[in-house]
Amino acid sequence: MKKPRKGSSQRGEEQPSTDRGSGTPGPAAHHLFGDAEVAGFRASLLIWYDRARRDLPWRRRAAGEPDPDRRAYSVWVSEIMLQQTQVATVTGYYTRWMQKWPTLQDLAGASLEEVNELWAGLGYYSRGRRLQEGARKVVEELGGRVPRTAEMLQKLLPGVGRYTAAAIASIAFGQVTGVLDGNVSRVLCRARAIGADPGSPLVSQHLWSLAQQLVDPARPGDFNEAAMELGATVCTPRGPLCPECPVRDFCQAQKRVDRERARTSQRSQGSPEQATPLDVEECGERPAWPRLCEAPGYPASSGCFGVPSRFPQCLHGSQPWEGDRKIILNKIRSQEGAPPDGKVLQMLSGS
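With that settled, the discussion passes to the overall build of the chain. Scanning the chain for helices and strands turns up 15 helices and zero strands. When burial is assessed residue by residue, the chain has 48% of its 351 residues classed as buried. Within the chain, residue pairs in contact and separated by at least 24 positions form 65% of the contacts whose partners lie at least 6 positions apart. Carbon and sulfur atoms make up 51% of the accessible area of the chain, which amounts to about 17,000 Å² in all.

Bringing the side chain of Thr236 into the picture now. Locating Thr236 in the fold gives a position in the loop between α12 (220–233) and α13 (252–268). A polar atom in the side chain of Thr236 sits 3.0 Å from the backbone oxygen of Arg238. Apart from the residues lying within four places of it in its own chain, the contact partners of Thr236 are Arg186, Arg190 and Gly231.

Turning to helix α2 (residues 57–64), a few remarks are in order. Residues three or four positions apart in an α-helix share a direction because the helix packs 3.6 residues into each turn. Those residues of α2 not exposed but buried are Pro57, Trp58, Arg59 and Ala62. Looking at the buried side of α2, the elements it contacts are α1 (35–52), α3 (68–81), α4 (87–100) and α12.

The next subject is the pattern of salt bridges. Across all of its chains, the model carries 10 salt bridges by this definition. Glu37 is the salt-bridge partner of Arg192, the closest N and O atoms lying 3.3 Å from each other. Here Glu37 lies in helix α1 and Arg192 lies in the loop between α10 (182–191) and α11 (201–214), a separation of 155 residues in the sequence. Arg192 gets classed as buried once you look at its relative accessible area, which sits at 0%. Overall, the relative accessible area of 16% leaves Glu37 in the buried class. Across the pair Arg60 and Asp55 runs a salt bridge whose closest N-O atoms are separated by 3.0 Å. Judged by its relative accessible area of 59%, Asp55 is exposed. Counted as one network, the salt bridges with shared partners bring together Asp50, Arg53, Arg219 and Asp222.

Running from amino to carboxyl end, α1 crosses α12 at an angle of 75°, the nearest separation of the two axes being 9 Å. As summarised for this structure, α1 and α12 are arranged roughly perpendicular, according to the angle between their axes. Facing α1, whose interface residues are Phe41, Arg42, Leu45, Leu46, Trp48, Tyr49 and Ala52, α12 presents Asp222, Phe223, Glu225, Ala226, Ala227, Glu229, Leu230 and Thr233. Tallied by class, residues from the contact of α1 with α12 come to 10 nonpolar, one polar and four charged.

Looking now at the packing of aromatic side chains. Applying the stated criterion across every chain yields a total of six aromatic pairs. Ring centres 5.6 Å apart and planes at 70° place the aromatic pair Phe33 and Phe41 in the edge-to-face group. According to the relative accessible area criterion, Phe41 is buried, its value standing at 2%. An angle of 50° between the planes, with centres 6.4 Å apart, marks the rings of Phe41 and Phe223 as tilted. Here Phe223 lies in helix α12 and Phe41 lies in helix α1, a separation of 182 residues in the sequence. The buried category is assigned to Phe223, whose relative accessible area is 3%.

Further remarks concern the confidence of the model for the chain. The pLDDT averaged across the chain works out to 78; a share of 68% of its residues lies at or above 70. With pLDDT under 50 throughout, residues 274–310 is counted as low confidence; its partners more than four residues away or in other chains account for 116 contacts. A low-confidence stretch, residues 347–351 stays under pLDDT 50, and its non-local contacts, those more than four residues away or across chains, total 12 contacts.

Axis separation between α3 and α4 bottoms out at 10 Å; the angle between their running directions is 145°. Here α3 runs over α4; the crossing is right-handed. Contacts from Tyr73, Ser74, Val77, Ser78 and Met81 in α3 reach Val90, Tyr93, Tyr94, Trp97 and Met98 in α4. A breakdown of the residues in the contact of α3 with α4 according to their chemical character gives eight nonpolar, two polar and no charged.

What counts as what
Residues numbered from 1 in each chain as written. Predicted model: local features only at pLDDT ≥ 70, side-chain atom pairs only at ≥ 80, totals over all residues. Heavy atoms only, no water. Helix = DSSP H or I, 4+ residues; strand = E, 2+ residues; numbered from the N terminus. Buried < 20%, exposed > 50% of the residue type's maximum accessible area, 1.4 Å probe, protein only. Contact = heavy atoms within 4.5 Å. Areas by Shrake-Rupley, 256 points an atom, 1.4 Å probe, with all protein chains shown as cover. Polar contact = N/O pair within 3.5 Å; in protein donor to acceptor, adjacent residues only side chain to side chain. Salt bridge = Lys/Arg side-chain N within 4 Å of Asp/Glu carboxyl O. Axes fitted to C-alpha atoms, helices over the stretch in contact; angles between N-to-C directions. Parallel < 35°, antiparallel > 145°, perpendicular 65-115°, else oblique. Nonpolar A, V, L, I, M, F, W, Y, C, P; charged D, E, K, R; others polar. Phe/Tyr/Trp six-rings, centres within 6.5 Å; stacked < 30°, edge-to-face > 60°. pLDDT = per-residue confidence, 0-100. Left-handed = near helix turned anticlockwise from the far one by under 90°.

See below:
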């Protein structure tokens, strides 16, 4: 990683990069992965996954199924069921589903009433209906052959979006394509200190690009499952297990926590209260500590994605509380060339 240039922000981060051809500001360097980081991230994550992966029925079935269409079907069913549903709940439903309809042909021949009956309790019944519609399309229109690429899966199969298509293509067919679900998004946002709304088009596009850059060409399916596994079991929304994270060395959010912890420790002169370690999730939540990241409304100065207090940003849309406003105002006052207080307060209010 490049060292900060002179004139960089006091946080020690690089200024946004610029595309010299178009003059359009690009993401700062810490929002990107270098080649060495990509190699290290892949190796570390896969080593961890081989040791720590959960034993799940859809993984066993896909790993032991030599027929590519049956393998794709088994992954497809699991991915649809896992949408908006916890793994613990899906396990039993998946097992019963595959026992009743082990192939696409079996599902295509079932009645909608049977599908809804087995799906009862999973919620979002349209998922089961569209899964059967997709099975019938494969059997009746595609000769029983599941499309082999993410692009064609998304184009031809009802209910299969970009993420599901990428998951099926990489796990079942070995296509080198990244995936981006909520778990992977959180891992990438923290790894590259991306604090802006991951659901916004600009950030989503960048996260998909990072996912594609990272996916291992030799083991794309395993890598994608490993990234999802990491987000589900280690890099969780609350209380992430950072000491256990296999890619901790590549996490920019954790590095920010470490830097701010060291700074505050020096200022605290050994105060036990202020020396309490912070983790990535809670680093912006305790007013006794300086905020590691700008609150909503703070003028972004660390790259095109900004740096709200969480990675990624909480999507509640609330304004900074009064304590935050005072902290932010004092920070800006101390900077050379700071705007007048009235202008700062106007920015904080969003007006």
